[in-house]
Amino acid sequence: MTGVRTSPARVLSRHGVAPDYPWTVEAKHANAWSRFPASPFAAGLVLMPNHPDRENVSVTYGPISVPAAVDTFAFLFSSAAASEHGHVISIRTTLVDDVGATVADVKLLAHDQRTATTLALGRLNRASVRLCFDVWFDRFEAGDDYGSIHVLYVLGYEGNILIDLLNEVGSDKGTTRYWGRGVPHCYGVEYHRLFNDVRHEQFAVLEIGLGNTVPPADAASLRAWRQYFPNAVLYGYDIEDFSFFSQPETFVFRGDQASRDDLRRFVATLAPPPFRVVIDDGSHASSHQQIALGALFPHVEPGGLYIVEDLGWQPFAEAPTTSELLRAFSDRGTVDSDFLTAEESRYLERTVENVEICRPNDSELAIIRKTTE
Ligand SMILES: C[S@@+](CC[C@H](N)C(=O)[O-])C[C@H]1O[C@@H](n2cnc3c(N)ncnc32)[C@H](O)[C@@H]1O
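Residues numbered from 1 in each chain as written. Predicted model: local features only at pLDDT ≥ 70, side-chain atom pairs only at ≥ 80, totals over all residues.

Undergrad: So what about the overall build of the protein chain? Which residues, and what values?
TA: From N to C terminus, the protein chain includes seven helices and 18 strands. Computed over C-alpha atoms, the radius of gyration of the protein chain comes to 23 Å, within 12% of the 21 Å expected from 2.2 N^0.38 for 373 residues, which places it in the range of a compact globule. Dimensions along the principal axes, computed over C-alpha positions, put the protein chain at roughly 75 × 40 × 40 Å. Within the span of the protein chain, comprising 373 residues, buried residues form 44% of the whole. Restricting to contacts in the protein chain with at least 6 residues of sequence separation, those with at least 24 account for 70%. (Helix = DSSP H or I, 4+ residues; strand = E, 2+ residues; numbered from the N terminus. Rg over C-alpha atoms; globule rule 2.2 N^0.38 Å. Buried ≥ 20, exposed ≤ 12 C-beta atoms within 10 Å, placed from the backbone. Contact = placed C-beta atoms within 7 Å.)

Put into structure tokens, the structure is as follows:
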């Protein structure tokens, strides 16, 4: 049985349910270069500060009623200018309720910088929340180009400890980091739902795909898993060399997820116990995802989860995509793919209990649950 869930009650964003929310917008002391779309979630919100002799530029959105589960907002900012300059721009982000209670934070951005801020609603009355941005120069240097701050992304979500950890380490599974021109995937909302009750138990976790820079300098998500699953043994698998990476009870292996030989060598060399959780955040190519699924699903413990991230992003075109494969399996109960052997396909047909496809924010992930027998 499968179905796509979009976490509507727990995530407010441009990719989620935010377009359904009506906002009013009120700008003060605006200049001709600032841009105020009708919703703070829409693309294109730009704030250029006024000359220091003038009033601060200020925009207020709302009030809106925030869904009961949404208790935290993340904001991503970048500073831009046609030419390099020496200004430093301040942006204050404030959430205000109808009796004037506030939570606020100020960030400073020099030329060509990016930053994020996170605000928790806490004591605010979420039946009526306004969102305000104010910008001014913290340091002003005479010149033609004032620069501006772009509000790249606004995300309201149900906060949890895993998202805080993912944000802290810089993984795009959280709410403040993203690859290239992408957006945060917010997978931590779903992962906490799946793992919170068992996260202190002893089990084995494997993640395929560890780095978020080229060349690799860190295994950010393994650091978050180390904190979140304090009693688990962690395994990491990546085509790049992560032998520099070291933390307690964590074993990394260099291999290509598209190579059955490498996957076999991984199991033979490290002899891991059956995995409670496997997360494929590797190349995202459908053939690679399916080869790894076929080779590793027998090494998932009964009742365990095999998760494939970023179903919608493919580095090259091929068929069936993993998304097509899993949807067809749910409809017909058969696994049909040239990327899997007949033996692997029959094993999956016998041992997959169900597939759940979730889209917390912009990107889908598949949660494949193994039967308990
Ligand atoms: C999206 S990043 C992983 C991000 C990390 N899990 C995090 O949350 O911060 C993808 C990783 O997959 C690795 N990778 C790419 N192709 C691979 C392949 N064929 N086999 C194994 N790993 C691969 C890359 O080297 C890179 O480290």
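Undergrad: Give me the environment of Ala232: which residues, what numbers.
TA: Considering the arrangement of structural elements, one finds Ala232 in the loop between helix H3 (220-228) and strand E13 (233-238). For the pair Ala232 and Glu26, spaced 206 residues apart in the sequence, the C-alpha separation amounts to 50 Å.

Undergrad: An account of unusual backbone geometry is needed here, citing residue identities and associated values.
TA: With an omega of -5 degrees, the peptide bond between Val214 and Pro215 qualifies as cis. You can see Pro215 is positioned in the loop between strand E12 (204-208) and H3. A positive phi is found at Cys186, a non-glycine position, where the angle reads about 65 degrees. Turning to its location among the elements, Cys186 is positioned in the loop between helix H1 (161-169) and helix H2 (187-195). Phi is positive for Glu249, which is not a glycine, with a value near 50 degrees. Looking at the secondary structure, you find Glu249 in the loop between E13 and strand E14 (250-254).

Undergrad: Go over the nonpolar core, please, and point to the residues and values.
TA: Val205, Val278, Ile307 and Ala366 are the most contacted members of the largest nonpolar core, which totals 95 residues. Mapping this core onto the domain boundaries places at least three of its residues in each of domain 1 (9-157) and domain 2 (161-370). Setting aside residues up to four positions removed in sequence, Val278 forms contacts with Leu206, Leu296, Val300, Tyr306 and Ile307. (Core = buried A, V, L, I, M, F, W, Y, C linked by C-beta atoms within 7 Å. Domains from an automatic or database assignment.)

Undergrad: Tell me about the sheet that holds strand E5 (residues 57-64), and please be specific about residues and values.
TA: Spatially, E3-E5-E10-E7-E8 is the arrangement adopted by the five strands of the open sheet, whose pairing is antiparallel. Looking at the sheet topology across the chains shown, the edges are occupied by strand E3 (25-28) and strand E8 (102-109). With strand direction ignored, the average angle separating the axes of adjacent strands in the sheet is 15 degrees. Summarising the sheet, strand E7 (residues 88-96) and strand E10 (residues 129-139) pair through nine bridges and their orientation is antiparallel. When the sheet's bridge partners are listed, Leu95 is paired in E10 with Leu131. (Pairing = 2+ DSSP bridges. Axes fitted to C-alpha atoms, helices over the stretch in contact; angles between N-to-C directions.)

Undergrad: Pulling in residues and values, what's your account of the domain arrangement of the protein chain?
TA: Domain boundaries assigned for the protein chain yield domain 1 (9-157) and domain 2 (161-370). Inter-centroid distance (C-alpha atoms) of domain 1 to domain 2 is 34 Å. Of all the secondary structure elements, the ones that give two or more residues to the side of domain 1 that touches domain 2 are strand E2 (11-13), strand E6 (72-80), strand E9 (114-120) and strand E11 (148-157).

Undergrad: Mind laying out the packing of H1 against H3, listing which residues take part and the relevant values?
TA: Taken N-terminus to C-terminus, the directions of H1 and H3 make an angle of 145 degrees; their axes are 9 Å apart at the nearest point. For the pair H1 and H3, the sense of crossing is right-handed. Mapping the contact onto sequence places Leu162, Leu165, Leu166 and Val169 in H1 and Ala220, Ser221, Arg223, Ala224, Gln227 and Tyr228 in H3. Classifying every residue of the contact of H1 with H3 gives seven nonpolar, two polar and one charged. (Left-handed = near helix turned anticlockwise from the far one by under 90°. Nonpolar A, V, L, I, M, F, W, Y, C, P; charged D, E, K, R; others polar.)

Undergrad: How would you sum up the site of the ligand? Please name residues and give values.
TA: Near the ligand lie 22 residues; those nearest to it are Ser171, Gly209, Gly211, Ser221 and Ser283. Within the residue set of the shell around the ligand, elements represented by two or more residues are E12 and H3. Here the shell around the ligand is composed, by residue class, of six nonpolar, nine polar and seven charged. (Near = placed C-beta within 6 Å.)

Undergrad: Residue-level account of H2, with values.
TA: Taken together, the buried positions of H2 are Tyr187, Gly188, Val189, Glu190 and Tyr191. Elements in contact with the buried residues of H2: E2, E11, H1, strand E17 (352-358) and strand E18 (365-370).

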